Every structure is written in structure tokens, then in C-alpha cells.
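Structural overview for review
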Amino acid sequence: MSRKVIPFVVAFILVCLVMVVSGVFAFSGAVTAEKFGGNVTWSQPYSTAESMKVINLMGDDQDELFIQNTSNVTLFDGGGNVLLSQDYQYPKTTLGDVNGDNKEDIVVFYLSDSGYAVDTIINGETATLAENLSIGLPARVIVVRFASGPQIVLGDSGGGLLSLSLSGEPLWTYTVGSEEIRGMDDALISGQMHLAVASHDGALAVLNQGGESIWNTSQEQLRRMRAFDLNSDGNSEIITGGEYGALFVYNAVDGSQMYTQGMGQAVSEVRVVELNGEPSSREFVVGGKDGGVWAFSFDGATSKEIWSGSLSDKVTEISGIDIDGDGTEEAVIGDESGNVAVFTGSGSRNNLDSHSTGITRIDVGKLNGERHVVIADGATVDVNKVNFSSIPGFQYTPLVVGVIISAVILLIAAILASIPMKPELKVSFQDKSKESLVAERRMLKESIADVERLRKSGEVTGDAYLARLKRLRGDLAENETAFKTAGFPIKVETIQCPNCGGTLELGMDKCEYCGQVLLS
Amino acid sequence: MENFICVGGILLVFVLVIFFYLLNTARKKVAPSNTLGKKDFLPVYISLADKPQSIMLGMDKLKIDVQKTEKSGDKWRWIPMIIFFGGVGLMAVDLLLLLLGYTSFIFIAGGIALWIAAIVMARGLRKSDSQDFAPRYNGTKNILHTLRDDLRPSTTFLGHLDLTGSLLPTKVARTSKDTQDRTTEYFRDEWLALKAKLYDGNILRVSAIQKSKKRKSYTKRSRISGKYKTKPEKFKGTEHDLKVRIVANPDVYTIARTSPTFKHGLNIGKFTVSQLSTEGGIISFVASSPFEEVEHENILQVIQSAYSLLQRKAA
């Protein structure tokens, strides 16, 4: 192939590669220029929120911000004004329809002066539902809408459960393990509501409306338990995150393990986030104690990791929020250092303003008619207007960059092809006449004799002798070739070593350069 | 922060190395000398077996070809530098986006690709670089030019011009070791060998031999500190021998035993006649020079002086 063509062939191959890679990046949507920002609409002091929700709890047509910490339950209106603030000892809360008006009410499980009690707060009015209950220190509370009717289930720090009717009558008790209840969630089995419950020591059970176990199991100590119907088949999947990094997905029907994965760090939070906008299946995001973040999809049989990322500290909250209004949710994740980051469906990370204390809760909802993201940290609760902006058409920039690189590659190929080849630096000026060839042959033989004489006199030894001899014999072989080419008779006096290719005198038994034995 | 400084420092070093490599390519700055501080010349080897005119034309053509390749590359020497800055420009787009709050690495990746392309091109351009031709190249051409009319018609010059270097491993004639076990290499570089049948029937043989000495690098232990130290190789000197043999045509010349302009021990230019024999109708002598470089005028002057020993017979 011509020396002028080779650079262009190489350039063409490189250009194809560059454009293919550019095309893959451009059309996969992996390259985006997106920016998430937030402005604080209002902020109120509120320390270490344990539970928070934007929801309508006052019976009007406006949502309020419900928030609860270890000693207080508060309700803010859309402008940040306190509608209700009530102190409790060791309160745990849940939201559910207690009075049957199809609106959520607040249920508070706490320690009163007369023992453990349950209050309801309906449209801002507080009433005690039950007191002097025989259960331990509050750990969790949930309103479960069983097929037979709603029940309020209380969980304590010793693994004990107590179910109450909506009028406050004890219905049944149950014990799950011997440590604090770490998760209570409603789980569907064949479309019927059940209760999934787990304690810190790894005990896990699914109970029916009568407090009877459908199945139970145990695993390593766990931090989180959530139940979701990930594939909308009427049967929930129960996801647990272990103290030592084990992530399990159980089938709520029979407790069989559908997926297990070691995360390498304690699982500190698990939440469902609709990352891909496909409503028939839901994705879930797992946060780790060392800042790891993983997104998983679920196909009805098993889970698959979609992407992974990280924050700088323990993940304390994960919330699925559709910030850019494209129908898919972004995972807004907070950590213990106060960082808040938005992870998009493809896993790219965008940071929001960080907080001075650790993030405790994040939620989204309409306040005063506008969509807000509410972020609670160790000291305050901030209501933010989050915005999103992107550069239109940015996903095609890889093609532009690819074209620039390709043009440069072709330019370089053209320049390199235009440079002539370096001339050979071992040249021979040889007259082809017979007399000249004969004279040259004689000169070469004299030179060979000279070299032999120098070796005998000790002036030249070793490699230098062989190198000079090799070159002269090579010239002698070239001289013989010139004789043959010109058609002059010549008595051949050289042979080539079959091993190293060096030229030797005819009749030699051993190559002087490489030691090869010659059979000639 | 420490990680950032560390990684940033390493990246900065890489960028500076690339920048100065491309800058030196653009300014055609190459290492001027070898490890012994001597200038490297173009390594040329020429077999001579042709008429003077053909040899001289061939030598001129070789020089023009080398210069043509070099000049073709010289035109584009600043292009890799421009491509480098083009890469910087592309990366700046990403930095601008970063300042605006967007995270993008596609232009940085493009910039790095352009830098790689610039390095590849700079390598290609550097390959077209050539060292200078050694002064001996032109000197030999001048010798051939001077002797061209003295050559017997229809005959050719024979021999070689070897300018591949005087300190090549293949030119080590012998080695010796001193009492401290240090190795000294003795080089013998016959850079010019020339044989010519002259117009007057004489046969002239000329060999220019450069003899050099180099002590190889060695490691020794310090007597005071006990540390091992490696000493670099050391060039110990060089000298030139000019071996000439003139077979006189007995029909034309007789050889005088002595001549005031050519005798043993006589200084002729940079050379001193160190051996002289006029036995058997052959003038054979060795002229030595302590100089590293001998010019063609000195070689021709010695040959011309040797001719004073020849006395033309009466017709």
C-alpha cells in the first residue's frame, strides 16, 4: 500500500471509531447539561424531625406540613405559620383515616403520665383514643386498612405489637423478635392488606388482620424494612436492609427470597422512586451508612442494579420527587453531613445547597398552591422552591466534538501524507560496468584481507572484527548480485547463513556470527 | 483537599510535559548532543564504486532528499501546538458550563482526544527531523572532486564512507581492564576507505581511521562513607591515523628514498608522518593526528606531499 494512502486509511478507521463513540453518547442520552437549584421560601426552627409529610390534615382544601420529632408534633400552614404544636414524651406518629371521612388524620403513640397512650389529631382537634396500654416504649405506629376494617398497630422497643380498633379497644398482641421494632408497613397479599413488621434483631413477619403470622423468618440485624408492590401484581415485595450490608427482597406471599445482595456497608435507608417513568414497575433506591447509593429495578422475579453513586456521609433520607416535571422522579438524597443531592434516572448527580447539620427528612408537596421540596435537618425545616434547567439539544454535543476531532485527525493524516519518506541512509553508488564490478570485487577482497591482517596483529578483536567482516562480505554478496543482474559470468564465493542471514564465504562449516552449523 | 492537590499536581505536570514537548517540536529544539557531550550527525554509510561525477551527484541528491523531507515537516511544526490550544479551548467550554452550574465532561474528553492527536502529529513531524550532515561528508566530496581528474579514464573510485559514528559497539576493536577493574574500550573507526587507479598508472589507497578511547561507567564503594556510587562513562580522547599506500607505476616513476617535503617525523598540516616505507616500489606511510577532526585539506596536503617522493623517469 502506498505510503501516502496509509495515513488516510488509519485516519478513516479512527474517524469511524470516534463518530461511533460520539453517536453512542449522543443517542443514548448519557450526555446532558442539567442544573437543579433551590430557593428557600420559608424556614422555621425545628430540630431533628423523625417524621414529616406535606398533606391536608385540617379538612380544608390546602395541604399543610406535618412534622414530628422526639418531643413534639407540629403542623405548619403553607406560609410557615404554626397551626398546631403539641409536646409529647417519646411520640411516634402515623397518618391514616381514623374517622372514616376519607381524609388523613394524625395518630400519636406516646408515653403519657398515665402510661402508654394513643392520641388522634383530627382537623386540629386532639383527642385521646386509648391510654394505660400494656406495651413498651414507642417504636413505631401504623394504621393498617385490613379487609375487615382499619386497625392501629403499635410497636414497642422490645419487639411487642399491640393492635387497637379505631375506638381504642385492644384487638391482639404479637411479638417480633426481642428488640426495637424497626419497620412496620402494610403489605398486599392477593390484593388483601396485611402487616409486615420487623425488629432490629432481624426477626421479620407478615401478619393478618387477626394478628396471626402468615410467615416469619429471621436474618442479620436490620436497620430498615419497607414493603412495596413493585410490579403492581397485587402482592407486595418486602425489602430489608441489614446492619452488615445485606439487602433482601422477600415475596410477601410466602417469605421466599427473591433477591439478595451484599452492599458492603450498613443499609441506612430504602425508598421507592419512580426513576424510569414506567408505571407498571417501580424502582427502589438504597442508601448506605458510608454514603453509598444504589438504584435497583424489579422485573417481577428479581432485582437488577441500574446505577450506583455516593454521598460523602451516611445516607439519612431518600425521596422520590419529579423536579423537572417530565413524569419520572428524581431521587433527592440527604446525608448526615447536610449534603443534598439530586440523582437523575441515569444516575448523574447534581448538588443542591448543603445544610449545616445532617438531613433528617425530605418530602415534596404543594404548599400555598405551589410545588415545594421540604427539607428538615438537625435544626430547621426549610421549604424550598426547586427549579430545573437544561441546555436544549446538549445531548448532541458529542457529535459536534466528534466532528471536530475527526476533522483534526483528517488534517493530521493529510499533513503526514504530504511529508516525503526519509531517504535511505545506507546507499551504494555503483557503476554497473564489468570493469568497475571487477575492481570493486578486488577492493572488497583486499579490505577483507586487511581486516584479517588486523585481527591477526591484535589491532582488532571480537565484535568489531566480525561486524566489519560481515559488512564487507555483505558488500561482496551485493557485488555478486550486480554481476548476475548485468549478465556477467561470476564465480559465487558467498553464502547466506540460514539462521542469521549473515553473508559467509563459501565452504565455511560454521557461521561466525551466530554459531549455526552449515551443511554446504 | 490533599487528594485534590495531589491529583491536580500530577495532572499539571502531565499538561506541562505535553506543552513543552509540543513547544520544542514547534521550535525544532532537539537534544543537541549525545551522552558524551558530542554532537550527533546523520548516520550515513556510502559504498563507493562509481565514477567521481556519479558519486558527487549521488551525494548531493542524498543531501537534497534529506533536506526536502525536513523542510516538508518544518512547514507544519506549529500545527500540533495549535491543536493543543484547540484542546484547551474545548476544555474551557466545559469549565464555562461548570461555572454556569452545569456538569459536563464531553468537551474535556474532546480536548484530551485533541491533545493525543497533537502528540501523534508531533511524533510524526519529529520523525522527519534529521541531524546535520557531518563535516566529513562534504570533506570527502571535496577529496573526490579534487582527485576526479587524476582518475584513470573508465575506472571508478572504490571504497566506503562510514559516518555512522565512531563510538558504536561494533567498532570496539579491543578492551582492557585497569588495576581497579575499570573497563576501557578502544574504538577503531575506518570512516573513509578509498582506492583509485590514477591517470599516471599509480594505484592510490587511502584509509582515514579515527581511534578513540572510552572508559565504561562503573560502580565503586566510597572508602569514607561506604556508599556505592556509579561513575558515568568517560571519553578519554581520540586521534586520527591516515594510512596511505601508493603503488608507483615503474614505467613512469622511480621512488626517492627521502624528500625534504616528506620524511619521517615531518608535520604536514594537522598530521605528523609517523611511519614511512618506500620499499618494493610502494610508498606506504601512516600520518597521525592528535586532533578529533581533520579537514579534507589536511588529507589532500599529505597525499600531495607524499607525491614529492616520486620522480618521473626521463622519457
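Residues numbered from 1 in each chain as written. Chains lettered and ligands numbered in written order. Predicted model: local features only at pLDDT ≥ 70, side-chain atom pairs only at ≥ 80, totals over all residues.

This brings us to the overall build of chain B. When helices and strands are counted, chain B shows six helices and 13 strands. The burial tally for chain B puts 34% of its 315 residues in the buried class. (Helix = DSSP H or I, 4+ residues; strand = E, 2+ residues; numbered from the N terminus. Buried ≥ 20, exposed ≤ 12 C-beta atoms within 10 Å, placed from the backbone.)

Moving on: the overall build of chain A. Assigned secondary structure in chain A consists of four helices and 35 strands. When each of the 520 residues of chain A is scored for burial, the buried share is 43%. Pairs at least 24 apart in sequence give 45% of the contacts found in chain A among residues at least 6 apart. (Contact = placed C-beta atoms within 7 Å.)

All right, on to helix α1 (residues 6-28) of chain A then. All names here are of chain A. Spanning 23 residues, α1 covers 33 Å between terminal C-alpha atoms, matching the ideal 33 Å at 1.5 Å per step. Every buried residue belonging to α1 is among P7, A11, V15, V18, S22, F25 and A26, and all of these are buried. G29 sits one or two residues past α1 and shows a positive phi near 75°. (Expected span 1.5 Å × (residues − 1).)

This paragraph deals with the packing of helix α3 (residues 79-99) of chain B against helix α4 (residues 106-127) of chain B. All names here are of chain B. Between α3 and α4, the least distance of the axes is 7 Å, while the angle of their chain directions is 170°. Classified by the interaxial angle, the pair formed by α3 and α4 is roughly antiparallel. Of α4, the residues touching α3 (which contributes I79, P80, I83, F84, G86, G87, V88, L90, M91, V93 and D94) are F107, I108, G110, G111, I112, L114, W115, A117, A118, M121 and A122. The residue inventory of the contact of α3 with α4, partitioned by class, reads 17 nonpolar, four polar and one charged. (Axes fitted to C-alpha atoms, helices over the stretch in contact; angles between N-to-C directions. Parallel < 35°, antiparallel > 145°, perpendicular 65-115°, else oblique. Nonpolar A, V, L, I, M, F, W, Y, C, P; charged D, E, K, R; others polar.)

All names here are of chain A. Along the chain, the position of E220 falls in the loop between β17 (213-218) and β18 (222-228). The class for E220 is partly exposed, based on 13 C-beta atoms found within 10 Å. It is 7.0 Å that separates the C-alpha atoms of E220 and E243, two residues lying 23 residues apart in sequence. Beyond its immediate sequence surroundings of up to four residues, E220 is in contact with G202, G242, E243, Y244 and A246.

A few words now on the interface of chain B and chain A. Each partner contributes to the interface: chain B provides 53 residues, whereas chain A provides 42 residues. Listing elements by their share of the side of chain B that touches chain A, those giving two or more residues are β1 (44-50), α2 (52-74), α3, α4, β2 (157-163), β3 (172-177) and β4 (183-197) of chain B. The dominant element in the side of chain B that touches chain A, judged by the number of residues it contributes, is α2 of chain B, at 10 residues. Partitioned by chemical class, the residues of the side of chain B that touches chain A number 28 nonpolar, 17 polar and eight charged. When strand β33 (residues 426-430) of chain A meets β1 of chain B, the two strands line up parallel, connected through five bridges. Pairing of S428 of chain A across the sheet is with S47 of chain B, part of β1 of chain B. (Pairing = 2+ DSSP bridges.)

This part covers the sheet that holds strand β6 (residues 89-96) of chain A. Residue and element names in this part refer to chain A. Read from one edge of the open sheet, four strands run β6-β7-β8-β9, paired in antiparallel fashion. The open sheet terminates on both sides in strands that have one partner only, identified here as β6 and β9 (125-133). On average, each strand axis in the sheet is tilted by 20° relative to the strand beside it, whichever way the strands run. Looking at chain direction, β6 and strand β7 (residues 105-112) are connected through six bridges and run antiparallel. Residue G96 lies in a different strand from β7, and its bridge partner there is D105.

Take the sheet that holds strand β15 (residues 192-199) of chain A next. All names here are of chain A. Within the open sheet, the four strands sit side by side as β14-β15-β16-β17. Their pairing is antiparallel. Strands at the two margins of the open sheet, each flanked by one partner only, are β14 (181-189) and β17. On average, adjacent strands in this sheet sit at an angle of 15° to one another, irrespective of strand direction. Here five bridges tie strand β16 (residues 203-207) to β17, and the two strands are oriented antiparallel to one another. From the neighbouring strand, L204 faces β17, where its bridge partner is T217.

We now examine the nonpolar core. Burial of nonpolar side chains together is a common tendency in soluble globular proteins. Core analysis: the largest hydrophobic core is formed by 102 residues, its most contacted members being L154, V197 and F284 of chain A. If we skip the residues at most four places from it in the chain, F284 of chain A touches F228, L230, I239, V270, R271, V272, V273 and F296 of chain A. With 57 residues, the next largest nonpolar core counts A134, L158, F187 and A287 of chain B among its residues. (Core = buried A, V, L, I, M, F, W, Y, C linked by C-beta atoms within 7 Å.)

Our next topic: unusual backbone geometry. A negative phi angle characterises most non-glycine residues, just as the trans form characterises most peptide bonds. All names here are of chain A. Its identity as a non-glycine residue notwithstanding, N123 has a phi of 50°, on the positive side. By the element assignment, N123 lies in the loop between β8 (115-122) and β9. Among the residues examined, N123 registers 12 C-beta atoms within 10 Å and is labelled exposed. We note that N132 has phi near 55°; this positive angle belongs to a residue other than glycine.

Residues and elements named next belong to chain A. With seven of nine residues buried, strand β30 (residues 359-367) lies mostly within the body of the structure. Sheet topology places β30 next to strand β31 (residues 370-377); eight bridges connect them, and they run antiparallel. Bridge pairing in β31 links R361 to A376. Where β30 folds back on β31, the antiparallel hairpin that results is connected by two residues, among which N368 adopts a positive phi of roughly 55°.

All names here are of chain B. Contact pair helix α1 (residues 2-26) / α3: the axes reach a minimum separation of 8 Å and the direction vectors enclose 150°. On the basis of their axis angle, the class for α1 and α3 is roughly antiparallel. Every residue of α3 that contacts α1 at I18, F19, L22, L23, T25 and A26 is listed here: P80, M81 and F84. Each residue belonging to the contact of α1 with α3 can be placed in one class, and the counts come to eight nonpolar, one polar and no charged.

Time to look at the confidence of the model for chain B. The predicted model of chain B has a mean per-residue pLDDT of 89, with 97% of residues at 70 or higher. Reported for the predicted complex are a pTM of 0.64 and an ipTM of 0.76. (pLDDT = per-residue confidence, 0-100.)

A few words now on the environment of D335 of chain A. Residue and element names in this part refer to chain A. Its location among the elements puts D335 in strand β27 (residues 330-335). Exposure remark for D335: the 25 C-beta atoms within 10 Å place this residue in the buried category. A sequence separation of 45 residues divides D335 from D290, and the C-alpha atoms of the two residues are 9.6 Å apart.

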